[in-house]
Amino acid sequence: MHYDFRKIEKKWQNYWADNQTFKAISPETGLKDEGQKPKFYVLDMFPYPSGAGLHVGHPLGYIASDIYARYKRHKGFNVLHPMGYDSFGLPAEQYAIQTGQHPAITTEQNIKTYRRQLDQIGFSFDWSREIRTSDPSYYKWTQWIFIQLFNSWYNKTADKAEDISVLISIFENKGNTSVNAACDEDTPSFTENDWNGFSKVRKQEILLKYRLTYLADTEVNWCPALGTVLANDEIVNGVSERGGHPVIRKKMTQWSMRITAYAQRLLDGLEKIDWPQPLKDAQKNWIGRSKGASVTFKVQGGSSDSKDQVKEDRENEIEVFTTRPDTIFGVSFMTLAPEHELVPKITSAAQKDEVDAYIETTAKRSERDRMADVKTISGVFTGAYAEHPFTKASIPIWIGDYVLAGYGTGAVMSVPCGDQRDYDFAKHFNIPIPNIFEGVDISEVAFADKERTIITNSEFLNGLRYKEATTKVIAELERIGSGKGKINYRLRDAVFSRQRYWGEPFPVYYDAEGMPQMIDEAHLPIKLPEVEKYLPTETGEPPLGNATHWAWDNEAHEVVSNDLIDNKTVFPLELNTMPGWAGSSQYFNRYMDPHNDEAIFSREAIDYWQDVDLYIGGSEHATGHLLYSRFWQKFMFDRGWVPKDEYAKKLINQGMITGTSAIVYRISGTDKYVSLGLKDDYEVEELRIDVNLINSADELNVASLRKWQPQFANAKFVLEGGKYIVGREVEKMSKRWHNVVNPDAICEEYGADSLRLYEMFLGPLEQSKPWNTAGITGVHSFLKKLWKLYHSGEDQNFEVSNAAPSKDALKTLHKTIKKVAEDIENFSFNTSVSTFMICVNELTSQKCTSRAILEALAVLVSPYAPHIAEELWQKLGHGDSISTAPFPTFEEKYVAESSKEYPISFNGKTRFTLELPLDMDKEEIEAAVMAHDKTQHHLQGRNPKKVIVVPGRIVNIVG
RNA sequence: GCUCGAGUGGUGGAAUUGGUAGACACGUUGGACUUAAAAUCCAAUGGCCAUUAUGGCCGUGCGGGUUCAAGUCCCGCCUCGAGUACCA
């Protein structure tokens, strides 16, 4: 029987499904003997099921994780390897807007396609644990987490999140003066008496400033074309990541997540996880910690000297953040962001019109415009002056759009001699540029080099360097009450509301006072309502505003018709939905106990599985999902629901598989196409054609091309050497370039095992690399050779012998065991495919038919090519799946030889060879080398300290 | 601009981490088997020179350096890719 991969693969895929071969065993189902096995959790980033289905680039990471999961099963681990779908998302919603088709239906169809495609590749997923973020039984728990966040605050002293009731009792007993919490900037101080006298609404307003998710008027990135708010990571170059629509800034009442409370811990946590350095760098950058000082400048005029009027003083102070407090004597002006709240208050009557006009023009400018001309300097003088905290000099206050409202305090102390932007601004508006750096010429550019700084013209800082000056000035600022050392983060709180339909509804209604109220956990999930249209309403409300059945009856505890709203017992529900990252921020924990309806997961399950041992996915999620999920995990940890504050010990970013587009060259203005080698003789235009029409030698199948698209039906082709050769270009795999290769076609023609091997063989997992279907014949013929090793004769009958394996065969096998085990542990899956090929070639030429060798080989190959391995395993007489067969143990003795010749080279000229026994130790080898020929080699007169011998290689002598 | 990462045959990529550069595969060329094609198998395949076999020289983006020995380490460049961007 020949290698019939279609039959074999179907057979084993059915077998695995029928026998639930890959079902992980965990506490809720009874651990029994599996409890003795160590656990291992291998996770893939679950996909968004798009309508286009999978192309060959998508499964790359899944294949790698599958190999690892299968390997760990062979190694005796109880492996958790689940899969699910991140099934809320924009494409299904946009499709719904266009067609009226409910997103749930589209999503269901797409999932079916995905599942079929995944199944045909032969993954060892535990499908009994499948989750979908759009499933109410799943998003029930997303809503639950939201409620927990709402009911929590961040205690900076304890450096963790705590229940809001703890905070309330502090307020009741001591007010908030002693509370050190992550909260809104504008939180007022109050005593316990104040608190106890506050109205119920007032109390709620204040608590909202402390909650980890809170409602606030935030300046958001509004995308008019999509009718929704976008997070920073959903904007690329000032336009929306999806669709490329313009984005403007707008104030809206939105739910936000107080991720900034966790900024430092998110940074610190990176130290203890094994994630790729570039990804860690991206997160570090995103969090953007900078150390400096906060300095307060009094606004001159109109302020009172009286200490009783604290409030008024505060209103007339400008707080700035600077990383260079040492340059404070170089301040010659201040700049506020146009949006800064103090601007209207301090602007002089004379400057008012000019300032208003400037604010208006900058507000109109989109983020994109603003970024596009960074070079243009603009700004307006406010007419107001601030007072220097040390010199008491008057400093003019300007506004300028190079100062961002969203970073620091939205105000800067401008030191033109030390900062290029301040310098440019000062030059442009003829503001003085005092020099405070010793021996530095600042006539052309600012001097921003911290390391070589020596401060001068700065009173008590004269002669100091950056570090000492900074320490001293901060101490001085603290003494006079004008500032303090401060660490600032670039990270902003994450806006959590989306004006979309196809997302998780908030478990929130608004009471008679308009205050948000959480729906009791017992009544979750709050299911997404049906709507007529998936667009925003005519009044500009989110799509849920179209729902007629979207009110909360707080007595019946159910969602009821909007007509019943009376603001006594029936209230309106929140119209926004949650963003895409909500569903993906705890999904990895839900897999541990996915059907639990009483809790997000059981204590037993989380205690047993703990965390993810290996997480594989794309690096594009660096500052999105991978940051938010770490934030939620830390929150879950603080509140005691999970035992680890980092959820993934190791993470690998698989590279992208790019497409290799095929290009034909049309002579301009004609219907004539010339082959690649002739194109330079004509004026041609390039057309991309379907890559599936090209053979392995870049030769075009002209007949198929004519059928492919009508425009080619009657085209003429100018050949070279009787062939039409196409040009090739490596680019992203996309329908647009006609370079998409579908895994279905590959599985049909070469089989899933070939696809799996080839995807690994292409190159290192983490690298991006081009797909070229032609090369797959290499791994495919390897599989055929592997098959033949177990079969012989004309009819290819299965045949192995029970004779003892030869020495050579054992050596080949154990070399392979060693290399493959190392490769898998190091995630170098590409090189082990080569190792298999060498192994099979050697065993073939050795005419090896030994059962012992061939059994071990089947297990070795099994993680990579599981279908053929299962088939061979069965033919070898085993009644069960190969998946739990123990991984063969490497034994040095089969590989080692009794003695080996070592060629020795000293200066590239003198060479000689020594034959030494393998078991010699260093000293003996050294002695042997010395004894061999003291006169010829360069050791003469030296005293070598050590001799390194590598089998088959040169002796290294370190003198 | 800043931060990472990478440059090795016609192509994808190996190289036990300082030890015979180019494993393995694709492609190409030649051969065997075929009426033929496909499939399969065998041989050659970094460049240059030489040849009667044995051989010789050059070669890992460029220029230096360390070392008995450098694709690998150090210094200075060049090119490409990714991320990020008025972050005070």
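*Asks:* It is not clear to me how the overall build of chain A should be interpreted in this structure. Could you clarify?
*Replies:* In terms of helices and strands, chain A carries 29 helices and 37 strands. In chain A, buried positions account for 52% of the 959 residues. Partitioning the intrachain contacts of chain A with sequence separation of at least 6 by distance along the chain shows that 71% fall at a separation of at least 24. Accessible surface computed for chain A: about 43,300 Å², of which carbon and sulfur atoms make up 48%.

*Asks:* Mind showing me how you'd approach the packing of aromatic side chains here?
*Replies:* Centre-to-centre distance and the angle between the planes together describe a pair of aromatic rings. Scanning all chains against the criterion turns up 67 aromatic pairs. Arranged with centres 5.7 Å apart and planes meeting at 45°, the rings of phenylalanine 40 and tyrosine 68 form a pair that is tilted. Placement of the pair is phenylalanine 40 in strand E1 (residues 39-44) and tyrosine 68 in helix H2 (residues 60-74), with a sequence separation of 28 residues. For phenylalanine 40, a relative accessible area of 10% corresponds to the buried category. Look at phenylalanine 171 and tyrosine 210: their rings are 5.3 Å apart centre to centre, the planes differ by 65°, and that puts the pair in the edge-to-face class. Of this pair, phenylalanine 171 sits in helix H6 (residues 164-174) while tyrosine 210 sits in the loop between helix H8 (200-208) and strand E6 (213-223); the two residues are 39 residues apart in sequence, bridging distant segments of the chain. For the residue pair phenylalanine 171 and tyrosine 210, the accessibility class agrees, reading buried in each case.

*Asks:* Just checking my understanding: could you explain the side chain of aspartate 44 for this structure?
*Replies:* Checked against the element boundaries, aspartate 44 lands in strand E1. Here aspartate 44 sits buried without a salt bridge, and the closest side chain of opposite charge, arginine 73, lies 9.5 Å off (N-O distance). One polar contact links aspartate 44 to serine 65, side chain to side chain, over a distance of 2.7 Å. Ignoring any residue separated from it by four or fewer positions in sequence, one finds aspartate 44 in contact with Gly61, Tyr62, Ser65, His81, Met83, Phe125, Tyr587, Tyr615 and Ile616.

*Asks:* Is there a simple way to explain the sheet that holds strand E21 (residues 551-553) in this structure?
*Replies:* Sheet strands pair via backbone hydrogen bonds, and the direction of the pair is either parallel or antiparallel. One open sheet accounts for three strands, arranged E22-E21-E23; its pairing is antiparallel. Of all the strands in the sheet, the pair left with one neighbour each is strand E22 (558-560) and strand E23 (570-572). Going across the sheet, the axis of each strand differs from the next one's by a mean of 35°, ignoring polarity. Pairing of E21 with E22 involves three bridges; the strand directions are antiparallel. What sits directly across from tryptophan 552, in E22, is valine 559.

*Asks:* It is not clear to me how helix H25 (residues 829-845) should be interpreted in this structure. Could you clarify?
*Replies:* Since the α-helix turns once every 3.6 residues, residues separated by three or four places project in the same direction. Between its first and last C-alpha atoms H25 spans 25 Å; for 17 residues at 1.5 Å apiece the expected length is 24 Å, and the two agree. Turning to H25, its buried residues number three or more, namely Phe829, Asn830, Ser832, Val833, Thr835, Phe836, Met837, Cys839, Val840 and Leu843. Where the residues of H25 are buried, they touch H2, helix H22 (752-761), helix H23 (776-789), helix H24 (807-825) and helix H26 (851-861). Phi turns positive, to about 55°, at lysine 847, one or two residues after H25.

*Asks:* Would you take a moment to explain the pattern of salt bridges for this structure?
*Replies:* Between side chains of opposite charge, a pair can form when the charged atoms approach closely. Within this structure, the stated rule accounts for 38 salt bridges. For aspartate 274, the salt bridge is made with lysine 650, and the minimal N-O distance between the two is 3.1 Å. Within this pair, whereas aspartate 274 is found in the loop between helix H9 (263-269) and helix H10 (277-287), its partner lysine 650 is found in the loop between helix H19 (625-638) and strand E25 (651-653), the two being separated by 376 residues in sequence. Look at the salt bridges and you will find they share partners, linking Lys39, Asp611, Asp613, Lys644 and Lys649 into a network.

*Asks:* Help me out: how do you make sense of the sheet that holds strand E5 (residues 181-182) in this one?
*Replies:* The strand order across the open sheet built from three strands is E4-E3-E5, with neighbouring strands paired in antiparallel fashion. Edge strands, defined here as strands with exactly one partner in the open sheet, are strand E4 (160-163) and E5. Contacts between H6 and the sheet are confined to strand E3 (152-155) and E4, with E4 contributing the most and set at about 75° to the helix.

*Asks:* What should I look at first to understand the packing of helix H1 (residues 5-19) against helix H27 (residues 866-875) in this one?
*Replies:* Angle between the axes and distance between the axes: these two values describe a pair of packed helices. As a packed pair, H1 and H27 sit with axes 9 Å apart at the nearest point and diverge in direction by 85°. Relative to H27, H1 is oriented roughly perpendicular. Between H1 and H27, the residues in contact are Ile8, Glu9, Lys11, Trp12, Gln13 and Trp16 and Pro866, His867, Ile868, Glu870, Glu871 and Gln874, respectively. The residue inventory of the contact of H1 with H27, partitioned by class, reads five nonpolar, three polar and four charged.

*Asks:* I keep staring at the nonpolar core and nothing clicks. Help me out?
*Replies:* A general feature of soluble globular proteins is that nonpolar side chains tend to end up buried together. Trp255, Phe496, Tyr587, Tyr615, Leu700 and Phe829 are the most contacted members of the largest nonpolar core, which totals 200 residues. The greatest single-element share of this core, amounting to nine residues, is contributed by helix H5 (residues 136-150). Other than its neighbours up to four places away in sequence, leucine 700 contacts Val664, Ile689, Leu693, Ile694, Leu705, Phe717, Tyr724 and Val726. With 39 residues, the next largest nonpolar core counts Leu342, Phe437, Phe447 and Leu477 among its residues.

*Asks:* What is the right way to read the packing of H2 against H24 from this model?
*Replies:* At a minimum axis distance of 10 Å, the contact between H2 and H24 shows a crossing angle of 120°. One finds that H2 runs oblique with respect to H24. Of the two possible hands of crossing, H2 and H24 adopt the one that is left-handed. Touching Ile67, Tyr68 and Tyr71 of H2 are Ala821, Ile824 and Glu825, all from H24.

*Asks:* Is there a simple way to explain unusual backbone geometry in this structure?
*Replies:* Most peptide bonds are trans, and most residues other than glycine sit at a negative phi. A cis amide bond links leucine 524 with the next residue in sequence, proline 525, at an omega value of -5°. Structurally, proline 525 can be placed in the loop between strand E20 (516-518) and E21. Even without a glycine there, the phi angle at asparagine 457 is positive, about 50°. The topology assignment puts asparagine 457 in the loop between helix H15 (420-429) and helix H16 (466-479). Despite not being glycine, histidine 738 has its phi angle at roughly 60°, a positive value. Its place among the elements puts histidine 738 in the loop between strand E30 (727-731) and helix H21 (743-749). Judged by its relative accessible area of 28%, histidine 738 is partly exposed.

*Asks:* Got a minute to help me understand H19 in this structure?
*Replies:* In a regular helix each residue adds 1.5 Å, so 14 residues correspond to 20 Å; H19 covers 20 Å between its end C-alpha atoms and thus fits that length. Across the 14 residues that make up H19, a large majority, 13, are buried. Looking at the residues trailing H19, positive phi occurs at glycine 640, about 85°.

*Asks:* Would you mind showing me how to read the pairing of strand E13 (residues 333-336) here?
*Replies:* Covered by surrounding structure in E13 are Phe333 and Thr335 together with Met334 and Leu336, the residues of both alternating faces. With three bridges joining them, E13 and strand E15 (residues 394-400) adopt parallel strand pairing. Looking at the pairing, leucine 336 lines up with isoleucine 399 of E15.

*Asks:* Would you mind going over the side chain of asparagine 488 with me for this structure?
*Replies:* Note on placement: asparagine 488 falls in strand E17 (residues 483-488). Residue classification places asparagine 488 among the buried positions, given a relative accessible area of 6%. Here the side chain of asparagine 488 touches tyrosine 407 through a polar contact of 3.3 Å, side chain to side chain. In contact with asparagine 488, other than residues within four places in its own chain, are Gly288, Arg289, Ser290, Phe321, Tyr407 and Gly408.

*Asks:* Hey, could you run me through the confidence of the model for chain A in this one?
*Replies:* It should be kept in mind that the predicted coordinates are not to be read in detail where pLDDT is low. When pLDDT is averaged across chain A, the result is 86; 88% of the residues are at 70 or more. Across residues 303-314 the pLDDT falls below 50, and counting only partners more than four positions away or on other chains, this stretch makes seven contacts in the model. Here residues 933-959 is a poorly scored stretch, pLDDT under 50, and it has 53 contacts once near neighbours within four places are set aside; other chains count. ipTM for the predicted complex: 0.93, alongside a pTM of 0.89.

Conventions we followed
- Residues numbered from 1 in each chain as written.
- Chains lettered and ligands numbered in written order.
- Predicted model: local features only at pLDDT ≥ 70, side-chain atom pairs only at ≥ 80, totals over all residues.
- Heavy atoms only, no water.
- Helix = DSSP H or I, 4+ residues; strand = E, 2+ residues; numbered from the N terminus.
- Buried < 20%, exposed > 50% of the residue type's maximum accessible area, 1.4 Å probe, protein only.
- Contact = heavy atoms within 4.5 Å.
- Areas by Shrake-Rupley, 256 points an atom, 1.4 Å probe, with all protein chains shown as cover.
- Phe/Tyr/Trp six-rings, centres within 6.5 Å; stacked < 30°, edge-to-face > 60°.
- Lys, Arg positive; Asp, Glu negative; His and termini not counted.
- Salt bridge = Lys/Arg side-chain N within 4 Å of Asp/Glu carboxyl O.
- Polar contact = N/O pair within 3.5 Å; in protein donor to acceptor, adjacent residues only side chain to side chain.
- Pairing = 2+ DSSP bridges.
- Axes fitted to C-alpha atoms, helices over the stretch in contact; angles between N-to-C directions.
- Expected span 1.5 Å × (residues − 1).
- Parallel < 35°, antiparallel > 145°, perpendicular 65-115°, else oblique.
- Nonpolar A, V, L, I, M, F, W, Y, C, P; charged D, E, K, R; others polar.
- Core = buried A, V, L, I, M, F, W, Y, C linked by side-chain atoms within 4.5 Å.
- Left-handed = near helix turned anticlockwise from the far one by under 90°.
- pLDDT = per-residue confidence, 0-100.

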